[in-house]
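Observations on chain architecture
Listed here are the chains, written in short residue letters.
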Amino acid sequence: MSTDGSLLLEEHDFADPEALSQRLLAAGLHLDPYEIRLARERFGRPLRWAEIVCLDILWSEHCSYKSTRPLLGRLPTEAPQVILGPGEDAGVVTLGEHEGKRYAAVIGHESHNHPSQVVPYEGAATGVGGIVRDVACMGAHVVGTLDGLRFGTGERKGGARTREIVREVVAGIADYGNALGVPNLGGDVVFDGGFDANCLVNVVCVGVVEADKIVRSRVPGPGDWAFVLAGKPTDASGFGGASFASTVLSDEESERRGAVQLADPFLLRVLTVANEALLDRARREGWPIACKDLGAGGIACATVELADSGGVGVDIMLDQAHRARDPLPPWVLLCSETQERYCWIVPWEVREQAVAVFNETYQLADLYPGAGASVIGRSRADGTYRVTWGDEVLVECPASLLTEGIRCPRASVRRPARTSNGHHAASAPVTRPMPELILEALADPALASRAFLFERYDPDVQGNTVVRRGDADAAVLAPVAGARWGLAVALGGNPWYGLADARLAAAHAVCEAARNVIAVGAQPWCLTDCLNFGSALDPLVMGDFESAIDGLGEAARALGTEGFEAPLPFVSGNVSLYNQDESGNAIPPSPIVACLGRVEDLARVITPGLKRAKHVLVYVGPPRGDLAGSHHARFAGLGALAHGVPALDLAAERARQRAVLSWIVRGWAEAAHDVGEGGLVVAAMEMAFASADGLGLVIEWPAFAADAGNETAAWWSEEPGFLLEVAPARLPDLLRDGLARDVGAIPIGQVSAENLFRARQPGHEDWQLELAAAHGAWRDGLAQAWELSEEPIGARP
Amino acid sequence: MKPRVAVLQFPGVNCEAESERALSSAGLAPERVPWTAPAAALEKFDAFLLPGGFSYQDRVRAGAIAARHAFVDTVRERAARGVPVLGLCNGAQVLVEAGLVPATRAGENLGAALAPNRMPGRSGYLARWVFLRVEESPCVFTQAYAPGEIVPLPMAHGEGRFVVHPSQDWSEIESTRRVPFRYDAGAEASQANQGHDRTSEPRMPFPSNPNASFGDAAGVMNARGNVLALMPHPERAQSLAQVPLDLAGAWGERRRRARLAGESLWSAGPGAGIFLSLAYALGVREAAVAR
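Notes on the structure follow. Because the structure is predicted, anything quoted here is derived from the model rather than measured.

A tally of helices and strands in chain A yields 27 helices and 26 strands. Radius of gyration (C-alpha) of chain A: 27 Å, near the 28 Å computed for a compact globule of 797 residues. Summarising its shape, the C-alpha atoms of chain A cover approximately 90 × 60 × 50 Å along the three principal directions. In chain A, which comprises 797 residues, the share counted as buried stands at 62%. When contacts within chain A are restricted to residue pairs at least 6 apart in sequence, those whose partners lie at least 24 apart make up 82%.

Residue and element names in this part refer to chain B. With burial as the criterion, each face of strand E4 (residues 85-88) is covered, one bearing Val85 and Gly87 and the other bearing Leu86 and Leu88. The pairing of strand E3 (residues 47-50) with E4 spans 3 bridges and is parallel. Bridge pairing in E4 links phenylalanine 48 to valine 85. Once you follow E3 into helix H2 (residues 70-80) and on to E4, the crossover reads as right-handed. Pairing analysis gives 4 bridges linking E4 to strand E11 (residues 227-230), with the strands arranged parallel. Across the sheet, valine 85 pairs through a bridge with valine 227, a residue of E11.

Residue and element names in this part refer to chain B. For helix H5 (residues 249-261), with 13 residues, the first-to-last C-alpha span of 18 Å sits near the 18 Å given by 1.5 Å per residue. Looking only at H5, the buried set comprises Trp251, Gly252, Arg255, Arg256 and Arg259. Each buried residue of H5 sits inside an arc of 140° when the element is viewed along its axis, so together they form one side. Away from the buried face of H5 by more than 90 degrees, exposed residues Arg257, Leu260 and Ala261 are located. Considering only its buried residues, H5 is in contact with strand E7 (150-157).

Our next topic: the sheet that holds strand E21 (residues 671-675) of chain A. Strand pairing in a sheet relies on backbone hydrogen bonds. The paired strands run either parallel or antiparallel. Residues and elements named next belong to chain A. Read across the sheet, 7 strands follow the order E21-E23-E20-E24-E22-E25-E26 without closing on themselves; strand pairing throughout is mixed. Looking at strand neighbours, the two that pair on one side only are E21 and strand E26 (764-770), the edges of this open sheet. Strand-to-strand, the axes of this sheet are offset by a mean angle of 25°, without reference to chain direction. Direction of pairing for strand E20 (residues 616-620) relative to strand E24 (residues 745-752): antiparallel, over a ladder of 5 bridges. Pairing of valine 620 across the sheet is with alanine 745, part of E24. Strand contacts of helix H27 (residues 771-780): strand E22 (696-700), strand E25 (756-761) and E26, with the helix running at about 50° to E26, the strand carrying the most contacts.

Residues and elements named next belong to chain A. Their axes nearest at 8 Å, the elements helix H2 (residues 17-26) and helix H3 (residues 33-43) cross at an angle of 105°. As far as their axial angle goes, H3 and H2 are roughly perpendicular. Listed contacts from H3 to Pro17, Glu18, Leu20 and Ser21 of H2 are Pro33, Ile36 and Arg37. Along the lines of polarity and charge, the residues of the contact of H2 with H3 split into 4 nonpolar, 1 polar and 2 charged.

Okay, helix H3 (residues 90-97) of chain B next. It helps to recall that an α-helix has 3.6 residues per turn; residues three or four apart then point in one direction. Residue and element names in this part refer to chain B. Buried residues dominate H3, accounting for 8 of its 8 residues. Every buried residue of H3 is listed here: Asn90, Gly91, Ala92, Gln93, Val94, Leu95, Val96 and Glu97. Residues of H3 that are buried make contact with E3, H2, E4, strand E5 (112-115) and E11. One or two residues past the end of H3 sits glycine 99, with phi positive at roughly 80°.

Now for the interface of chain A and chain B. Facing 41 residues of chain A, the contacting portion of chain B comprises 38 residues. Sorting elements by how many residues they give to the side of chain A that touches chain B places helix H9 (residues 159-180) of chain A first, with 4 residues. Across the side of chain A that touches chain B, the residue classes tally to 20 nonpolar, 12 polar and 9 charged.

About the criteria used
- Residues numbered from 1 in each chain as written.
- Chains lettered and ligands numbered in written order.
- Predicted model: local features only at pLDDT ≥ 70, side-chain atom pairs only at ≥ 80, totals over all residues.
- Helix = DSSP H or I, 4+ residues; strand = E, 2+ residues; numbered from the N terminus.
- Rg over C-alpha atoms; globule rule 2.2 N^0.38 Å.
- Buried ≥ 20, exposed ≤ 12 C-beta atoms within 10 Å, placed from the backbone.
- Contact = placed C-beta atoms within 7 Å.
- Pairing = 2+ DSSP bridges.
- Right-handed = clockwise from strand over helix to strand, strands pointing away.
- Expected span 1.5 Å × (residues − 1).
- Arc of directions from axis to C-beta.
- Axes fitted to C-alpha atoms, helices over the stretch in contact; angles between N-to-C directions.
- Parallel < 35°, antiparallel > 145°, perpendicular 65-115°, else oblique.
- Nonpolar A, V, L, I, M, F, W, Y, C, P; charged D, E, K, R; others polar.

Here you go:
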């Protein structure tokens, strides 16, 4: 097998697709016999080696979504606020106007699961870098990132290895974001044995751009265009990364460290400064311009997509690309996923001026040997994608042939949902006093404060932060200084629900993300998703995937966009398949959803911290009694209940969300918190912990209990709901409006000046807990995920 | 003509934009000077601001390479003639590496350094809000504060621990009153902190003192008080909107009241005083934002 990129494989090579597929696999390329036959047919001739390498990447699951594209088409993507939906590097929605300028928000969602399992630090760091460049290449100023993390516990792979992955992934995200000067806006972290062999690192990025200055990732149209490569010199790092992310991580495969890219936030920071200078120059001089980041598939993927979506072809002179000194086979140069690179499209006649921004004005080569910009291609009218190395032709075919992608409909078998979300679950035997249960639960890494993790991330750089990650259910930014409006963003997604019912789990993820932005006073404005599942070749996995798509669609349509006859739109997203262990056991189905919210008036934003004694604690939600899928059910080993999913009445959820948002925006609530993992007792405690003045709570639990005889189920059930702090003077308005909306809002307690949590029943005290002790347990609980220990994370004492 | 302040953009800094906003709000005219500009470009400026970030990728040590940039020679020369110089976070590290702070009478360096944070049970980078106490001193950048005032600011760094070489004595920095900002316990100046004793041992426990800085120092200046190296970020607390809603103390209370009373979130925050002090020192009388 020749490694000369230009060699035209012989006709006989294609006579036996099975054999050729095996030979390609030995070279690390993953085209199966069906795909080889299809390629030969489409090309109408034997393919060149470099063309095969391109297809290996462009037809990978990661780039082509070949197993899932038709299913993704079922998600709602249209709504008045959507400027650019799925299709470009990131989604764009309207945001607000200030001083005569109209602004839009840009949001993207990516996963870097496989690389993070192999080389956690670089895998996580390049995950952040990739999604940041996806947003930046739309001409947007990047204003923040979030990270959704799922780690194992170490039951199977050992506590030490799992903790090393935790430490390295978090350090990779921190070092990258902090150096780049992009604030962290939150995220979530879950520890479950299902992720022992395959962690999840999902990253979300938010940017802001003036609506009339959006840069598209396609050649602006017919004309004479230069393709300018800018950034790090191309090297062999990350070669085959995309196809690596689309396969099973077998043990020896995890030795393929070469496939993991190398991050450099310092270079990207300088490149961002230079990019902004080029963009300013282009806007001043009126140059039409386009841009795309180089991610999966490197130069090949970016340049063919830029050309084809602009309706033109391109001549790529690969030998012009600035690159690392050590010689590389041209087809590695063409497809390697070296980080921190963009491809700019500028009119051919100003190409030297564009290159000068990087090489002379900002002298990138002085800061990183070999870095800079080079003209690597020139558009051609006939739609042909042609790559040469000197006088050798590496690739020559219609651009659409490569971008057309491939469809692989997969067998899909739906599992019967095995939820046991009966409203009145069997009354759990109350074996231990509540204070004792609470202290243990708060110290459990599943429920403990996330401060030990996110205090390693900078939440304030750029000075736009109004509510920080960790201070509320969502972060809030004022991205345009002086403007009244702002944006909020948060994640949602519970992996334990996925095992029981992928459809209901996905619907819960959408509702949880939306509740999180509502709790700070923002209107849910758009959604992104990252669908992390097992192998596409497993019908049960594809059945779960299809169920999740149904759940996402149902919830997004049910919640809708308030004020319009439109769904809550999905504007971008990502699919990550082949997340499983070496023996093929898939990870728990993990749909992770991000919701971007729009804040009409930043002055109205609120947080969970209790504000004043004698205020009323109001619960908004269904009577609580269903322990299905709750942390308590897992923690107390309640069998089937532990693997259930709480019921979700989408119509009631919609009414509840809109009511709570209205009350917050009208200033009727002083504090608000989403009731989620850990149930009402943990949510209420967190409101007390966040109080600036050490306030406490007195709560009568029968007021919100579905079954007055089952205190445990009332406190610990995780059915969706909200807790609000309401001034007594505002309570009548709120309760009356609740009745009018048919939304149950029940006073259940009062804020007290004592730093104490007291539970009561009508007429007598039940139990109480010192908040100082509880706060300590909660604050330090997550540290055990960093300790040097072989014990599984979250193991019972 | 508004006084002009150069914002030195070494490669890898990332707080230029918000630092420039803070200078403009105080009635000054900031101008970003990229690292590729000639040092002569600095002549026209009335003051210098070294912003936060990771200049030169923290290669060798944080601030070590930027401290040898041609800009710093000009800054050193102008600072010796009284021109105000404000170094924030990475900028503070550059000033300490360059010996501009704490310096001594004859300008030779006292061997101070910004060492890695020392914290119980963890190491490395830490980002959280802290409370600073303003000390009585001739510092150019504290005139808009009252001595003893508590100023909440966010800190975010990995090497922010002010120390001196063991062969030297932290007491000389204290005796010449070069610590205008000190980490303090809490929202209100709980216990008297005047006459901070001469030992270097930090008096405030973690997390009040987030990095075990000698003397709980958050900011150290030169003898004359026109060059300040401050680790926390005042530009990230320049307006009320940036103050955490659940922060303890008077500023937290003011932020909470703003939610209902409708006071503009864009009025001055706790960090604005540093930029207003600079403006006052440069002769600006009608600052754009009332303090």
